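Spelled out, the chains give:
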Amino acid sequence: EPEVTQTPSHQVTQMGQEVILRCVPISNHLYFYWYRQILGQKVEFLVSFYNNEISEKSEIFDDQFSVERPDGSNFTLKIRSTKLEDSAMYFCASRHYPNRVTEAFFGQGTRLTVV
Amino acid sequence: RKEVEQDPGPFNVPEGATVAFNCTYSNSASQSFFWYRQDCRKEPKLLMSVYSSGNEDGRFTAQLNRASQYISLLIRDSKLSDSATYLCVVVLSNDYKLSFGAGTTVTVRA
C-alpha cells in the first residue's frame with residue numbers, strides 16, 4: 001500500500017539552528033500539507049501546497065518557515081532558526097487531488113526536539 | 001469560537017460497550033467531514049468519511065447534522081483495540097485545509 005514517508009523520525013537540534021524535515025508524498029498525489037502537534041495538544045495546520053506553490057498558510061507559518069518541492073518526489077519543511085517552542089511532532093500529508101471529499105494520508109511524523 | 005470542538009473525554013468503557021461522542025464545527029459552509037484515529041504519538045489515520053446521509057463501517061457509525069453543525073461517532077461492541085484518540089476533521093468549501101478537533105480519548109478496559 002502506498003504511504004507517505006518522512007525522514008528523519010527524530011531530530012534533535014540546538015536553538016537557533018536550521019532544520020529541514022523531509023517528506024515523500026504518495027506518488028500520484030497532488031496536494032501536500034505540513035501539520036504539527038505539540039505534545040498533548042491538537043494537530044495544527046501549518047501550510048498547504050499545490051501546483052508548486054503555497055495554497056494556504058496558518059499564523060504559525062511565519063517567516064522562519066518555508067516549504068519546497070525540490071524535485072518530483074520530495075516535499076520539505078525548513079525552519080530557519082529554531083526556537084524551543086518549535087519542539088513538536090511534524091506530520092506531512094498528501095491528497096490525491098484537492099477534491100474536498102478526498103481524505104489525506106499522513107506520514108509517521110518527525111519528532112523535532114529543540115534544546 | 002473554535003473551528004472544530006470535541007469533548008476531550010476520556011471515555012472509559014468496558015469491552016462490549018457502546019460509546020458515542022460528538023464534534024461541533026463553527027463554519028456552516030463546511031463541506032467534508034472525517035473521523036481520524038490517532039494512537040499515542042503516532043500519525044492520524046483515517047477511520048471513516050462522514051456522509052450527509054450517515055454511514056456505517058462495521059462497528060462504527062458516523063452521522064452528520066448540518067442544521068446543528070455537528071457530527072457524531074458511535075462505536076458498538078467496543079474492543080480493547082479501539083482505545084485511541086478520535087479526531088474530528090472538517091474541510092471548508094473554499095479551501096482544502098483539514099481542520100482538526102483536539103480529539104476525544106476512548107479507553108476500552110477488559
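The preceding data block contains the structure.
Residues numbered from 1 in each chain as written. Chains lettered and ligands numbered in written order. Predicted model: local features only at pLDDT ≥ 70, side-chain atom pairs only at ≥ 80, totals over all residues. Heavy atoms only, no water.

**Regarding the pattern of salt bridges**
When their charged atoms lie close together, side chains carrying opposite charge are able to pair. The cut-off we apply is this: Should a side-chain nitrogen of Lys or Arg be within 4 Å of a carboxyl oxygen of Asp or Glu, the pair is scored as a salt bridge. Working definition: helices are DSSP H or I runs of at least four residues, strands are E runs of at least two. Numbering for both runs from the N terminus. Summary of the burial criterion: residues with accessible area below 20% of their type's maximum are buried, those above 50% are exposed, and those between are partly exposed, where the area comes from a 1.4 Å probe applied to protein chains only.
Applying the stated criterion across every chain, the model contains seven salt bridges over all chains. Close ionic contact of Lys-97 of chain B with Glu-56 of chain A constitutes a salt bridge, the shortest N to O distance being 3.7 Å. Taken as a pair, Lys-97 of chain B in the loop between strand E9 (84-91) and strand E10 (98-100) and Glu-56 of chain A in strand E6 (residues 53-57) lie in two separate chains rather than in one. Its relative accessible area of 13% is what places Lys-97 of chain B among the buried residues.

**Remarks on the nonpolar core**
Formally: Here, the term nonpolar core denotes a set of buried Ala, Val, Leu, Ile, Met, Phe, Trp, Tyr and Cys residues that are joined through side-chain atoms within 4.5 Å. Whether two residues touch is decided by their heavy atoms; if any such pair falls within 4.5 Å, the residues are in contact.
One finds Phe-21, Trp-35, Ile-71, Leu-73 and Tyr-86 of chain B to be the most contacted residues of the largest nonpolar core, which totals 23 residues. Broken down by secondary-structure element, the contributors of at least two residues to this core are strand E3 (19-25), strand E4 (32-38), strand E5 (45-50), strand E7 (60-65), strand E8 (70-75), E9 and strand E11 (104-109) of chain B. If we skip the residues at most four places from it in the chain, Tyr-86 of chain B touches Gln-6, Phe-21, Trp-35, Tyr-36, Arg-37, Leu-47, Phe-60, Leu-73, Ile-75, Gly-103, Thr-104 and Val-106 of chain B. Listed in part, the 21 residues of the second largest apolar core include Val-47, Phe-49, Leu-112 and Val-114 of chain A.

**Considering the sheet that holds strand E3 (residues 19-24) of chain A**
Residue and element names in this part refer to chain A. Rules: Think of it this way: DSSP has to see at least two bridges between two strands before they count as a pair. Axis definition: a line fit to C-alpha positions, over the contact stretch in the case of helices; interaxial angles, taken between N-to-C directions, run 0 to 180 degrees.
Read across the open sheet, the four strands follow the order E1-E3-E8-E7; overall the sheet is antiparallel. Every interior strand has two partners, whereas the edge strands, strand E1 (5-7) and strand E7 (65-68), have only one. On average, each strand axis in the sheet is tilted by 20 degrees relative to the strand beside it, whichever way the strands run. Relative to strand E8 (residues 75-79), E7 is paired through four bridges, and the arrangement is antiparallel.

**Quick look at the state of the cysteines**
Covalent bonding between the sulfur atoms of two cysteines defines a disulfide. Residue and element names in this part refer to chain B. Short version of the rule: Two cysteine sulfur atoms form a disulfide, by the criterion used here, when they sit within 2.5 Å.
Within the structure shown, the criterion is met by two disulfides over all chains. Shown here is the disulfide that connects Cys-23 with Cys-88, its sulfur atoms set 1.9 Å apart. Because the torsion about its S-S bond is -70 degrees, the bridge between Cys-23 and Cys-88 counts as left-handed. Of this pair, Cys-23 sits in strand E3 while Cys-88 sits in strand E9, and the two are 65 residues apart along the sequence. Here Cys-23 falls in the buried class, since its relative accessible area comes to 0%.

**A closer look at the pairing of E8 of chain B**
Residue and element names in this part refer to chain B. Here E3 pairs with E8 via six bridges, running antiparallel. Bridge pairing in E8 links Thr-24 to Tyr-70. Two strands pair when backbone bridges link them, and E7 and E8 are joined in this way by six bridges, in the antiparallel orientation. For Phe-60, the partnering residue across the bridge sits in E8 and is Ile-75. Hairpin connection from E7 to E8: four residues lie between these consecutive antiparallel strands, with Gln-69 at a positive phi of about 55 degrees.

**Digging into the interface of chain B and chain A**
Short version of the rule: We define buried area as the total accessible area lost by two parts upon association, computed with a 1.4 Å probe and summed across both. As used in this structure description, the phrase polar contact means that two N or O atoms lie within 3.5 Å; if the pair is within protein, one of them must be able to donate a hydrogen and the other to accept it, and residues adjacent in sequence are counted only when both atoms belong to side chains. All residues other than Ala, Val, Leu, Ile, Met, Phe, Trp, Tyr, Cys, Pro, Asp, Glu, Lys and Arg, Gly among them, are scored as polar; the first ten of these are nonpolar and the last four charged.
The interface of chain B with chain A comprises 19 residues on the first partner and 23 residues on the second. Interface area lost by chain B to chain A is led by Arg-41, Tyr-96 and Phe-100 of chain B, which between them contribute 32%. Counting every contact that joins chain B to chain A gives one salt bridge. Linking chain B with chain A are four residue pairs in polar contact (both at pLDDT 80 or more). Among the secondary structure elements, those contributing two or more residues to the side of chain B that touches chain A are E4, E9 and E10 of chain B. Counting residues per element, the side of chain B that touches chain A draws most heavily on E4 of chain B, at four residues. Its residues assigned to classes, the side of chain B that touches chain A comprises 10 nonpolar, four polar and five charged.

**Quick notes on the environment of Val-108 of chain B**
Residue and element names in this part refer to chain B. If you trace the backbone, Val-108 turns up in strand E11. Sequence separation of Val-108 and Lys-97 is 11 residues, and the distance between their C-alpha atoms is 32 Å. In this structure Val-108 touches Val-13, Pro-14, Glu-15, Ser-78, Lys-79, Leu-80, Asp-82 and Ser-83, once residues within four positions along its chain are discounted.

**Some words on unusual backbone geometry**
Going from Thr-7 of chain A to Pro-8 of chain A, the amide bond is cis rather than trans, its omega being -10 degrees. Here Pro-8 of chain A is to be found in the loop between E1 and strand E2 (10-13). Cis geometry marks the peptide bond from Gly-9 of chain B to Pro-10 of chain B; its omega dihedral reads 5 degrees. Locating Pro-10 of chain B in the fold gives a position in the loop between strand E1 (4-6) and strand E2 (11-14). Phi is positive for Gln-69 of chain B, which is not a glycine, with a value near 55 degrees. Inspection of the secondary structure assignment puts Gln-69 of chain B in the loop between E7 and E8. The class for Gln-69 of chain B is buried, based on a relative accessible area of 16%.

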